[in-house]
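Listed below are the residues making up each chain.
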Amino acid sequence: MACLLEAPLRISVLSEVTATSRHYVDRLFDPDPQKVLQGVIDMKNAVIGNNKQKANLIVLGAVPRLLYLLQQSSSSMELRTECAVVLGSLAMGTENNIKSLVDCHIIPALLQGLLSPDLVFIEACLRCLRTVFISPVTPVQLLYTDPTVIPHLMSLLSNSLRTQEYITQIFSHCCKTPEHQTILFNHGAIQNIAPLLISPSYKVRMQALKCFSVLAYENTQVSMTLVNVLVDGELLTQVFVKMMQRDQPIEMQLTAAKCLTYMCRASAIRTDDSCIVLKVRFFPHVLVPRFIISLVILYQWHSFFCFFPLKCDFLLLVQTLPCLVRMCSKEHLLEERVEGAETLAYLMEPDVELQRIASTTDHLVAMLADYFKYPSSVSAITDIKRLDHDLKHAHELRQAAFKLYASLGSNDEEIRKKITETENMMDRIVSGLSESSIKVRLAAVRCLHSLSRSVQQLRTSFHDHAVWKPLMKLLQNAPDEVLVMASSTLCNLLLEFSPSKEPILESGVMELLCSLTQSDSPALRVNGIWALMNMAFQADQKVKVEIVRCLGTEQLFRLLSDPDTNVLMKTLGLLRNLLSQRAHIDQVMSSHGKQIMQAVTLILEAEHSIEVKEQTLCILVNIADGNTAKDLIMTNDDMLQKIKYYMGHSNVKLQLAATFCVSNLIWNEEDGSQERQDKLREMGFVDILHKLTQSSEPNLSDRAKTALQQYLA
Amino acid sequence: MTELGVGSLPLGDPAFNYQEHELNERLKRLYPAVNEEETPLPRSWSPKDKYSYIGLSQNNLRVHYKGHGKNHKDAASVRATHPIPAACGIYYFEVKIVSKGRDGYMGIGLSAQGVNMNRLPGWDKHSYGYHGDDGHSFCSSGTGQPYGPTFTTGDVIGCCVNLINNTCFYTKNGISLGVAFTDLPPNLYPTVGLQTPGEIVDANFGQQPFVFDIEDYMSEWRAKIHGMIARFPIGERLGEWQAVLQNMVSSYLVHHGYCATATAFARATETMIQEDQTSIKNRQRIQKLVLAGRVGEAIEATQQLYPGLLERNPNLLFMLKCRQFVEMVNGTDSEVRCLTIRSPKSQDSYPGSPCLSPHHGASNTHLHTGGSDSPTCSNGVTPPNKSKSHSSSGSIKYPSASSSASSSSSSSPSSINYSESNSSDSTKSQPHSANSTQETSDSEMEIEAEHYTNGVVEGSSARIMNGTYKHEEILQPDDNSIGNGVTDEVCSHSRQLCGGNQAATERMIQFGRELQALNEQLCQEYGKNTTHKKMLQDAFSLLAYSDPWNCPVGQQLDPTQRESLCSALNSAILASADASARSGHGVCSAHGPSPVWFLLLRQSRQLFALAQVQVIVK
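Cut-offs applied
- Residues numbered from 1 in each chain as written.
- Chains lettered and ligands numbered in written order.
- Predicted model: local features only at pLDDT ≥ 70, side-chain atom pairs only at ≥ 80, totals over all residues.
- Heavy atoms only, no water.
- Helix = DSSP H or I, 4+ residues; strand = E, 2+ residues; numbered from the N terminus.
- Buried < 20%, exposed > 50% of the residue type's maximum accessible area, 1.4 Å probe, protein only.
- Contact = heavy atoms within 4.5 Å.
- Areas by Shrake-Rupley, 256 points an atom, 1.4 Å probe, with all protein chains shown as cover.
- Core = buried A, V, L, I, M, F, W, Y, C linked by side-chain atoms within 4.5 Å.
- UniProt positions renumbered as here; feature names shortened; annotations may be inferred.
- Pairing = 2+ DSSP bridges.
- Buried area = accessible area lost by both parts, 1.4 Å probe.
- Salt bridge = Lys/Arg side-chain N within 4 Å of Asp/Glu carboxyl O.
- Polar contact = N/O pair within 3.5 Å; in protein donor to acceptor, adjacent residues only side chain to side chain.
- Nonpolar A, V, L, I, M, F, W, Y, C, P; charged D, E, K, R; others polar.
- Phe/Tyr/Trp six-rings, centres within 6.5 Å; stacked < 30°, edge-to-face > 60°.
- Axes fitted to C-alpha atoms, helices over the stretch in contact; angles between N-to-C directions.
- Left-handed = near helix turned anticlockwise from the far one by under 90°.
- pLDDT = per-residue confidence, 0-100.

**Student:** If you had to explain the overall build of chain A to someone new, which residues and values would you point to?
**Tutor:** If you tally the helices and strands in chain A, you get 45 helices and two strands. The proportion of buried residues among the 713 residues of chain A is 58%. Within chain A, contacts between residues separated by at least 24 positions form 70% of all contacts whose residues are at least 6 apart in sequence. Counting every atom, chain A has about 30,400 Å² of accessible surface; 55% of that belongs to carbon and sulfur.

So this is what it looks like as structure tokens:
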């Protein structure tokens, strides 16, 4: 179809070029092999640096003939080599040239050529293959279709500096997925390429280094192996550190830093930690026992603070960090600054200590503000080429800066303050949220999310700049990755103390959040229910009713059986927040009491983590605090037995929650307390309480004593 | 006491020997271009250059605070033994906070010689500091700028001076904090300041490995400079280099008033000198007067030759007058000297003047005796035989000189006479210059300048300094009188105020009153000026001591103190001449003695320092 559309164009081109270029193609068909060779050599000289000529020859069908000559074993080695050289030259042209070459099946033909024993010919083929593979239009999969190719390339690595350069360059451009990494790894890429890092040729060293950076990226297996590799008696990491020295070319410093970053991150990240960004957020907001919250936080922070394992030296990271910070400075190329910032963001993402160091290194926070100054007003005036260049990189620069700010501010309050105090920072984020480039939008919302973890910022700059408005806009029809980030940020904006909570509620966010809870993505479900939970915290009766109405009881109970523990936890949290204040408890329980009690029973009976059970018991605590709602527990002997069971549980947290529940049930000054006390005494609760007063846990024994006092009064 | 400790230690302590050895090795490796015989590197804190609230220990590397620490008035600083040599290119030292003491008001930084030590670094002019309590940087100002994190016990703070681009950055625990100061002046000393009891810091000038990888930073600059040199576009400008170099040399000579050399150079290279010959000579004469301590005459000459110049620069005038007062105390200014000369005492000692010939060559132990001897400043060769001939010829001429000079307080016309007659004498005494007869009209010193070679010194005392003058030579035109004074000192070993003359002292006091009046007038016109006030105060303080030469403010009497004033005056004259030249024929002065060249010259030394290192390393 494409050919048909292009037909008129082709004819016009043909008529123009026939006279000049036809001649070259015709000579390829000469019966005399010597003349053919001369023709190919002339063609080579004609196409060098001449994109028009290249296009002409491709249009005239030179490529199939050249490939034919190249593949013929009857052709002389010289001719075959020259053919490969011409093809390589044609590949140097435009992307369209590459497409045409790939369409003519140049890749299998050249790969076949690599089996030849002639080194010059092999080098010519490799050079051409290299040029084809580094183009973004070539499907990299073509390298892996024939399983014999990779091992053969590995074996060619020892032949010459050129083969080393081309092959490593091909690898570094064709290693795009974990599968590719595994294939290369399994064929001994590390052992074969590692010695090239000390090659006398800079190009070889550089390409080998790039290979390692793509191999190690998010690949634990490769990264763990790399840590122990020796090159000429020296640890690979030390070789990389040397390559980061300041007198090395910038490209080399940057790539070496990338290698180290990827190695450290990959050997540290385990699959269960992969959504580390989502993990640290505000603690669940619930009403009762405050100390339980603190325990929950402790647990969360603990899982967060398991730094890089010892395999990857912390010192190594501290050495890598300043190199990457330097790459962000104004004196470097825009591309280098983008890469430097992105890598740095990735490096320090999980480590607050690195974030603190980076925030003081070389005025990084202020340095990043420069990333937003492209295209500068100067470049617009001085020359159009510069403007074009700046424009092309402006988005990249902005998103890189946002990413780095997001990483910097993800934990430390001081750093967040520093970031928001940077010139026009909040304005930049706000305008970044509505930029056309999805990459910038995503990075901007990540940055906003990072900053939204600060109570102070939520109260001040977030409110002053009405960030909720563009955020709400962003939530409409956004792709999932943006939606995850944006909804996560929204969770924080909906916190009770956030002044943005009111306007967001008024803007009708409820429907959106409820629809998120029905999403296929667990991350979105969590965020949806989390936001609702925050919304329900200390909310008016009206809001609570509205949440229940909008979400629908059916959906609410469906979420209680969600396979994702996070979703379950937040749903329980929502229930707890809905069941706060006596009047609200009674109201909700009177309308949904049966279902809630059922759900609670189910969860307590099922296999769940301590945290889930604890949350569930906390719901019972709240229910027990109601006036009429109490009866739902008191009349449910099964439930009372469960409470009794948990009072004797081995886990203190559960014991405590259960004791709280009992304490609420037998509280004096409330109607019918006497009957409840009697009933529980009959059931043997008093004995258990007596036992608990002997507990070594001060909180627990105190609570048990308080409960027993109710009997004395 | 501490010095004694240092002296006794090397014998018995192998650890110290080892440290000393390591220090030498490291300094050699870091700063290979530095010649320590010429410009020693800082190796410890100076037990002399510190405020009394500072205590030193551990080979003068540990600093502790021993004052009251009540408020900022109790701040105290200490400087290193030597300034940072320019040839370092990049200089680095570290300070470890052993204890933050009560409040941790610690400042780490740099300061120039003479900056008040009763302060934290950064608060005063030519002083720069990074303070631990707030993390702010202080750039010659009492108010800091937000700069880096705070620092406290256990932290290691590094300070790196980049003499190539004149910036400074700090490091904390091996992490660079980014540029803190730009446009730093030369010759800064590593400095620390403390302010509350219990504060203790340890310096590392290279005794131990640095926490920050300074060698990596140096290697970056080395690579940068190498690349800069390698990539420097030459192309069609290949032929211009000679012209550029010639222009550089010529403008240097003209700027410093080496008139004859400049003319000879111009003739040899067939280039043009922009400035008029007489103008160069005038400038030179005024400079000589200042350097000779005859500031009064210098002022008059300036007023006469460049009318309106000093009126336009009231600050300069004030500085000159202040200096004049100091020189009166010194007994070198003509207003008091003409009085002193007639004193019987100096007459008596006069016959002894021939005996001072060895003084020029060998009396190096006698530092700063009067205005004539300045072993610290030299721009070249001092042929001893010549000074001998001068003193003898001068001594014959002396009586007539004094009679003509004594008739008026201003001796500037007469001094010209002297120099001419003197120089003709001296030229005769030098066979080689006798054949160039047209140059005899030049002052003798300029002829000498022709065979000056930068950096070649005869005798052991002189330090090589580019662009400073040998006072002695300038004084030769009338060294009779000064020689007289010197002899006096040599014989009696006691210098007296205004040469001990009553009339001169009275004149001096009167002049002091005039100066005070001038200051008040300036205050009214331009507002209060603390620098002036300080200057005046220091000058007047001299009178409070029985022996002004050996008092806390005695430094002022040192002839080397004249140099900065001299160059300020020279620059002012050049600036005014430049402006007038531009207004007349603008194009002509396009390549005048522009300060850019000197900047380049200065920088090239530092660039060279690094480029050279590379060569050595290779």
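**Student:** Tell me about the nonpolar core, and please be specific about residues and values.
**Tutor:** Core analysis: the largest hydrophobic core is formed by 245 residues, its most contacted members being Leu620, Ile633 and Ile643 of chain A. Formed by 60 residues, the second largest nonpolar core is a distinct cluster that contains Ile54, Ala80, Tyr91 and Val161 of chain B.

**Student:** Account for the UniProt feature "repeat: ARM" (unreviewed entry) in chain A, naming residues and giving values.
**Tutor:** Feature annotation in UniProt assigns "repeat: ARM" (unreviewed entry) to the following positions: residues 61–97 and 551–593 of chain A. For residues 61–97 of chain A, helix accounts for 76% and strand for 0%, while the C-alpha atoms at its two ends are 12 Å apart.

**Student:** Describe the pairing of strand β4 (residues 76–80) of chain B, listing the residues and the values that go with them.
**Tutor:** Residues and elements named next belong to chain B. Burial runs high along β4: five of the five residues are buried. The sheet contact formed by strand β1 (residues 45–50) and β4 spans two bridges and is antiparallel. Each bridged residue has a counterpart across the sheet, and for Trp45 the counterpart in β4 is Ala80. Note that β4 and strand β13 (residues 188–194) share four bridges and pair antiparallel.

**Student:** Before we move on, can you summarise the side chain of Gln164 of chain A with the specific residues and values?
**Tutor:** As for its placement among the helices and strands, Gln164 of chain A is situated in helix α10 (residues 161–174). Residue Gln164 of chain A is classed as buried on the basis of its relative accessible area, which comes to 10%.

**Student:** So what's going on with the sheet that holds strand β9 (residues 145–146) of chain B? Residues and values would help.
**Tutor:** Spatial ordering of the open sheet is given by β1-β4-β13-β6-β7-β8-β9 (chain B), a layout of seven strands whose pairing is antiparallel. Both edges of this open sheet fall to β1 and β9 of chain B, since each of them pairs with a single strand only.

**Student:** Go over the interface of chain A and chain B with me, naming the residues and quoting the values.
**Tutor:** With eleven residues of chain A at the interface, the matching set in chain B holds 14 residues. For the pair chain A and chain B, the two sides together bury roughly 1,000 Å², of which 53% comes from carbon and sulfur. One can count three salt bridges joining chain A with chain B. Linking Lys224 of chain B and Glu331 of chain A is a salt bridge whose minimum nitrogen-to-oxygen distance equals 3.6 Å. The interface formed by chain A and chain B includes six residue pairs in polar contact (both at pLDDT 80 or more). If you list the elements that add at least two residues to the side of chain A that touches chain B, you get α19 (314–327) and α21 (352–360) of chain A. Of the residues that constitute the side of chain A that touches chain B, the class distribution is two nonpolar, four polar and five charged.

**Student:** Which residues make up the packing of aromatic side chains, and what values do they have?
**Tutor:** Taken as a whole, this structure holds 23 aromatic pairs over all chains when the rule is applied. With 5.9 Å between their ring centres and 45 degrees between their planes, Tyr217 of chain A and Tyr346 of chain A make a pair best called tilted. Of this pair, Tyr217 of chain A sits in the loop between α13 (202–216) and α14 (220–227) while Tyr346 of chain A sits in helix α20 (residues 334–348); the two residues are 129 residues apart in sequence, bridging distant segments of the chain. Tyr217 of chain A sits in the partly exposed class, given a relative accessible area of 38%. Ring geometry for Tyr130 of chain B versus Phe151 of chain B: centroids 4.9 Å apart, planes at 65 degrees, classification edge-to-face. Here the residue Tyr130 of chain B occupies a position in strand β7 (residues 127–131), and Phe151 of chain B occupies one in the loop between β9 and β10 (156–162), the gap between them amounting to 21 residues. An identical accessibility class is assigned to Tyr130 of chain B and Phe151 of chain B; each is buried.

**Student:** Could you give an account of the pattern of salt bridges, with specific residues and numbers?
**Tutor:** All names here are of chain B. Within the structure shown, the criterion is met by 45 salt bridges over all chains. In this structure, Arg79 engages Asp49 in a salt bridge whose closest nitrogen and oxygen atoms are separated by 2.7 Å. Pair noted here: Arg79 is in strand β4 and Asp49 is in strand β1, with a separation of 30 residues, a long-range link. For Asp49, a relative accessible area of 16% gives the class buried. Close ionic contact of Glu327 with Arg323 constitutes a salt bridge, the shortest N to O distance being 2.8 Å. Remark: Arg323 and Glu327 occur in helix α9 (residues 314–330); sequence separation between them is four residues, near one turn of the helix.

**Student:** So, the packing of helix α4 (residues 62–71) of chain A against helix α5 (residues 77–91) of chain A: which residues are in play, and what are the values?
**Tutor:** Residues and elements named next belong to chain A. Closest axis-to-axis distance for the α4/α5 pair is 8 Å, and the angle between their directions is 145 degrees. Two packed elements cross with a definite hand, and for α4 against α5 that hand is left-handed. Across the interface between the two elements, Val63, Leu66, Leu67, Leu69, Leu70 and Gln71 of α4 pack against Leu79, Arg80, Cys83, Ala84, Val86, Leu87 and Leu90 of α5. A per-class count over the contact of α4 with α5 returns eleven nonpolar, one polar and one charged.

**Student:** Go over helix α5 (residues 259–269) of chain B, please, and point to the residues and values.
**Tutor:** Listed in full, the buried residues belonging to α5 of chain B are Cys259, Ala260, Thr261, Ala262, Ala264 and Ala266 of chain B. Positive backbone phi, approximately 55 degrees, marks Glu270 of chain B, located one or two places after α5 of chain B.

**Student:** Tell me about the sheet that holds β10 of chain B, and please be specific about residues and values.
**Tutor:** Consider a sheet: its strands pair through backbone hydrogen bonds, and that pairing is either parallel or antiparallel. All names here are of chain B. Strands sit in the order β2-β3-β14-β5-β10-β11-β12 across an open sheet of seven strands; the sheet is antiparallel. The sheet terminates laterally at β2 (54–57) and β12 (175–181), the two strands that pair on one side only. Averaged over all pairs of adjacent strands, the angle between their axes in this sheet comes to 25 degrees, without regard to strand direction. In this structure, strand β11 (residues 167–172) lies alongside β12, joined through four bridges in antiparallel fashion. Across the sheet, residue Phe169 finds its bridge partner in β12, namely Val179. Across the face of the sheet, helix α3 (residues 214–231) comes into contact with β5 (90–100), β10 and β11 while running at roughly 155 degrees to β5.

**Student:** Could you give an account of the side chain of Asn492 of chain A, naming the residues involved and the relevant values?
**Tutor:** Residues and elements named next belong to chain A. As for its placement among the helices and strands, Asn492 is situated in helix α31 (residues 480–493). We classify Asn492 as buried; its relative accessible area is 1%. One polar contact links Asn492 to Ser452, side chain to side chain, over a distance of 2.9 Å.

**Student:** With reference to specific residues and values, describe the environment of Leu536 of chain B.
**Tutor:** Residues and elements named next belong to chain B. Looking at the secondary structure, you find Leu536 in helix α20 (residues 530–541). Among the residues examined, Leu536 registers a relative accessible area of 4% and is labelled buried. Discounting residues that sit within four places of it in the chain, Leu536 has contacts with Phe318, Cys322, Leu515, Gln516 and Asn519.

**Student:** Before we move on, can you summarise the confidence of the model for chain A with the specific residues and values?
**Tutor:** Residues and elements named next belong to chain A. The predicted model of chain A has a mean per-residue pLDDT of 84, with 90% of residues at 70 or higher. Low pLDDT (under 50) marks residues 1–9, which in the prediction has zero contacts with non-local residues, meaning those over four places away or in another chain. Contacts of residues 269–312 to residues separated by more than four positions or lying in other chains number 81 contacts, the stretch itself having pLDDT below 50.

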